[in-house]
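# Coordinates in review
Listed below are the residues making up each chain.
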Amino acid sequence: MELPDYVKARQRSKQVVEKEFYKLDDDLRQIGRGKKYFLKTYGCQMNEHDSENIKAMLEELAFEETDNYKEADLILLNTCSIRENAHNKAFGMLGRLKHVKEFNNPDLIVGLCGCMAQEEGVVNKIMNKYKWVNFVIGTHNLHRLPYVLNDSLQRQRQEIEVFSREGNIIEGIPVKRENAYKAYVNIIYGCDKFCTYCIVPYTRGKQRSRNPKDIVREVEELVRDGYQEVTLLGQNVNAYGKDFDYEYNMANLLEDVSKTGIKRIFFMTSHPWDFTDEMIDVIAKYDNIMPFIHLPVQSGSSRILKLMGRRYTKESYLALFDKIKEKIPRVSVSTDIIVGFPGEKEEDFLETIDLVNHCQYDNAYTFIYSPREKTPAAKLQDQVPEQVKEERLHRLNEVVNKYFLENNKKNIGDIYEVLVEGISEKKNELFGYTETKKLINFKGDEDLIGKIVNVRVTEAKTWSLDGEIVK
Ligand code: SAH
Ligand code: SF4
Ligand code: F3S
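For clarity, every value in this text was computed on a predicted model and none was experimentally measured.

When helices and strands are tallied, the protein chain shows 13 helices and 21 strands. What you see for the protein chain is a C-alpha radius of gyration of 23 Å, in line with the 23 Å of a compact globule of 471 residues. Dimensions of the protein chain, computed from the C-alpha atoms along their principal axes, are close to 60 × 60 × 50 Å. Across the 471 residues of the protein chain, 56% fall into the buried class. Surface exposure of the protein chain reaches about 21100 Å², of which carbon and sulfur atoms provide 47%. A distance of 3 Å separates the average location of the 69 positive side-chain charges in the protein chain from that of its 75 negative side-chain charges.

Moving on: a positive patch on the surface. The grouping of Lys40, Lys70, Lys89 and Arg96 at the surface amounts to a positive patch. As for its position among the elements, Lys40 is in strand 2 (residues 36-41). We classify Lys40 as partly exposed; its relative accessible area is 32%.

On to the pattern of salt bridges. Applying the stated criterion across every chain yields a total of 41 salt bridges. One salt bridge in this structure joins Glu255 and Lys285, with 3.8 Å as the shortest N-O distance. Here Glu255 is found in helix 8 (residues 250-258), whereas its partner Lys285 is found in helix 9 (residues 277-285), with 30 residues between them in sequence. Accessibility expressed as a relative area gives 21% for Glu255, which makes it partly exposed. Accessibility expressed as a relative area gives 55% for Lys285, which makes it exposed. Lys345 serves as the salt-bridge partner of Asp382, at 3.6 Å between the closest nitrogen and oxygen. Of the two residues, Asp382 sits in the loop between strand 16 (363-368) and helix 13 (386-410) while Lys345 sits in the loop between strand 15 (332-339) and helix 12 (346-359), which places them 37 residues apart along the sequence.

A separate point is the sheet that holds strand 17 (residues 415-423). Strand order around the closed barrel formed by five strands is 17-18-19-21-20, with mixed pairing between neighbours. Sheet twist, expressed as the average angle between the axes of neighbouring strands with direction ignored, equals 50°. Note: strand 17 against strand 18 (residues 430-433), four bridges, orientation antiparallel. Paired with Gly422 across the two strands is Phe431, which belongs to strand 18.

The full set of residues close to ligand 3 is Cys44, Asn47, Cys80, Ser81, Ile82, Cys115, Arg204 and Gln235. In terms of residue class, the shell around ligand 3 is built from four nonpolar, three polar and one charged.

Around ligand 1 sit 15 residues in total, of which Gln235, Pro296, Gln298, Asp336 and Ser370 are the nearest. At a separation of 3.3 Å, an oxygen atom of ligand 1 approaches a polar side-chain atom of Arg310. A distance of 2.6 Å separates an oxygen atom of ligand 1 from a polar atom in the side chain of Asp336. Those elements giving two or more residues to the shell around ligand 1 turn out to be strand 15 and strand 16. For the shell around ligand 1, the class distribution of residues is seven nonpolar, four polar and four charged.

When you line up the elements, Thr335 lands in strand 15. A distance of 2.9 Å separates a polar side-chain atom of Thr335 from the backbone nitrogen of Val297. Ignoring anything within four residues of it in the chain, the contact list for Thr335 reads His294, Leu295, Pro296, Val297, Tyr317, Tyr361, Asn363, Ala364 and Tyr365.

A few words now on the nonpolar core. Residues Leu232, Met250, Phe267 and Ile324 are the most contacted members of the largest nonpolar core, which totals 70 residues. Looking at this core, the element that brings in the most residues is helix 13, giving six residues. Apart from residues lying up to four places away in sequence, Ile324 is in contact with Phe275, Ile280, Ile293, Leu295, Val331 and Val333. If you look at the next biggest cluster of nonpolar residues, it comprises 28 residues, including Tyr69, Trp132, Val136 and Val162.

We now examine the pairing of strand 16. Each regular strand displays side chains that alternate between the two surfaces of the sheet. Burial along strand 16 is one-sided: Ala364, Thr366 and Ile368 are buried, while Asn363, Tyr365 and Phe367, pointing the other way, are not. In the sheet, strand 15 pairs with strand 16 via six bridges, with the strands oriented parallel. If you follow Thr335 over to strand 16, its bridge partner there is Ala364. Of the crossover connections in this fold, the one passing from strand 15 over helix 12 to the parallel strand 16 is right-handed.

Next up on the list: the side chain of Arg310. Counting through the fold element by element, Arg310 comes out in the loop between helix 10 (302-308) and helix 11 (314-327). One buried charged residue, Arg310, remains without a salt bridge, the closest side chain of opposite sign being Asp336 at 7.2 Å. Beyond its immediate sequence surroundings of up to four residues, Arg310 is in contact with Cys195, Tyr197, His271, Pro272, Pro296, Gln298 and Leu305.

Another aspect to go through is the packing of helix 3 (residues 84-104) against helix 4 (residues 120-129). For the pair helix 3 and helix 4, the least separation of the axes is 13 Å and the interaxial angle reads 15°. The orientation of helix 3 relative to helix 4 falls into the category roughly parallel. At the point where helix 3 passes helix 4, the crossing takes the right-handed sense. From helix 3, His87, Phe91 and Leu94 reach across to helix 4, where they touch Val122, Lys125 and Ile126. For the contact of helix 3 with helix 4, the per-class residue count stands at four nonpolar, one polar and one charged.

Turning our eyes to something else, we now look at the packing of helix 8 against helix 9. Helix 9 packs onto helix 8 with a crossing angle of 15° between their chain directions and a minimal axis gap of 8 Å. The angle between the axes of helix 8 and helix 9 places the two elements in the roughly parallel class. In the crossing of helix 8 with helix 9, the sense of the turn from one axis to the other is left-handed. Along the contact surface, helix 8 presents Met250, Ala251, Asn252, Leu254 and Glu255, while helix 9 presents Glu278, Met279, Val282, Ile283 and Lys285. When grouped by side-chain class, the residues that make up the contact of helix 8 with helix 9 number six nonpolar, one polar and three charged.

Rules and cut-offs
- Residues numbered from 1 in each chain as written.
- Chains lettered and ligands numbered in written order.
- Predicted model: local features only at pLDDT ≥ 70, side-chain atom pairs only at ≥ 80, totals over all residues.
- Heavy atoms only, no water.
- Helix = DSSP H or I, 4+ residues; strand = E, 2+ residues; numbered from the N terminus.
- Rg over C-alpha atoms; globule rule 2.2 N^0.38 Å.
- Buried < 20%, exposed > 50% of the residue type's maximum accessible area, 1.4 Å probe, protein only.
- Areas by Shrake-Rupley, 256 points an atom, 1.4 Å probe, with all protein chains shown as cover.
- Lys, Arg positive; Asp, Glu negative; His and termini not counted.
- Charge placed at Lys NZ, Arg CZ, Asp CG, Glu CD.
- Patch = residues over 30% accessible without salt bridge, like charges linked within 9 Å, V, L, I, M, F, W, Y side chains within 5 Å.
- Salt bridge = Lys/Arg side-chain N within 4 Å of Asp/Glu carboxyl O.
- Pairing = 2+ DSSP bridges.
- Axes fitted to C-alpha atoms, helices over the stretch in contact; angles between N-to-C directions.
- Near = heavy atom within 4 Å.
- Nonpolar A, V, L, I, M, F, W, Y, C, P; charged D, E, K, R; others polar.
- Polar contact = N/O pair within 3.5 Å; in protein donor to acceptor, adjacent residues only side chain to side chain.
- Contact = heavy atoms within 4.5 Å.
- Core = buried A, V, L, I, M, F, W, Y, C linked by side-chain atoms within 4.5 Å.
- Right-handed = clockwise from strand over helix to strand, strands pointing away.
- Parallel < 35°, antiparallel > 145°, perpendicular 65-115°, else oblique.
- Left-handed = near helix turned anticlockwise from the far one by under 90°.

Structure, rendered in structure tokens:
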């Protein structure tokens, strides 16, 4: 048994991270024979990609996937800690599973992994009130899933294996990709920014960049397998390479990935602090690096930004934003905004609205501040009342939504390259995303799925575009 420990999780060492290779003992390869698994994923793209690894690991153990949890022999929840409602969803699901286990299937194995597994409070709760949960495995030792699962199948007791210190980078974990045309590629793990509201630096550990050769090799293989698009993933991709003992940064990586010939490259998330001019130049220069940047601002008040530990001001953010808009042709920019951070006054909130009016984002994810276990902001006096937070969120959403529609209307008549992803259920039309990551629906032949086509925008809505294929 190894439990999460926040003191260890907070520590950052200068030690250079090594790489290891995933290994699986042959005698485990049949432990899932005849059994089905159900995997539920919460949270960000990083978790979605981890789930692609989990599926492949389980299938190497001969488990088969089911999308009906009631017929599963193994249920795994890949959880997220970012806000209280992510927690509530996972605990709500556990409540349902208790019922299934009690009344339908006493042999059901239930496991919890992902960011919540790294939280002391969650693991204590599981140990005290959810004794029927079979195992908990952390984000740093996910590659040990076959072993922890095997122990759970052998023994009756609850297994908890959560490493609080990140280990080496593990290469060669198998992956079962959800999509045959676009793929996620991890480039950097963890986060060292410690924004005062955020739990990620504790649940995902120290910032560790993957070796560029491994990344380029993965993308080259994807190109060979017919993939058209990659999204380079990290909590803060711009910090890529900062932990190397040689000079190599995000701009270098973008350039090298671009040269693999993959048709479309997206990357996320970019912290404004590490965004360099060199990166802007590279993005502008290469056609296969998509003109789309997710640039979370969080707040438009420099005073709140300081309390958040974001390391930029409203003015420096706007300067970066304007430079990106000026230098990258056709670029679209999206953002994340938190309302109701402790101490946020009406005038701070109005600064945020002012910033949104300047930036006129193409997309924005807006959140109510949610206090997270042991983070500095959770301890601040002056927490904003729930009702005020909700009212601000509502006002903010009205402003951001207005710009989504206005920007989309400006796109009418433009032609974009679109990777056709499938058929939309509602309209029985094809759908895909533009180079600027806007959802677009259009008529066309099913054979086009997985191909890149030119589409002219004919109509604009708040959340999507309509278009027609042009030759
Ligand atoms: N690494 C990314 C963000 C990852 S979390 C970045 O720094 O940009 C995604 C978003 O969740 C954040 O941008 C933030 O807007 C929001 N978020 C994080 N912690 C939160 C909290 N405690 N309450 C509300 N929203 C939060
Ligand atoms: Fe959280 Fe800040 Fe790191 Fe993003 S940069 S993951 S918001 S600590
Ligand atoms: Fe959630 Fe962890 Fe991602 S907290 S947002 S799943 S890194």
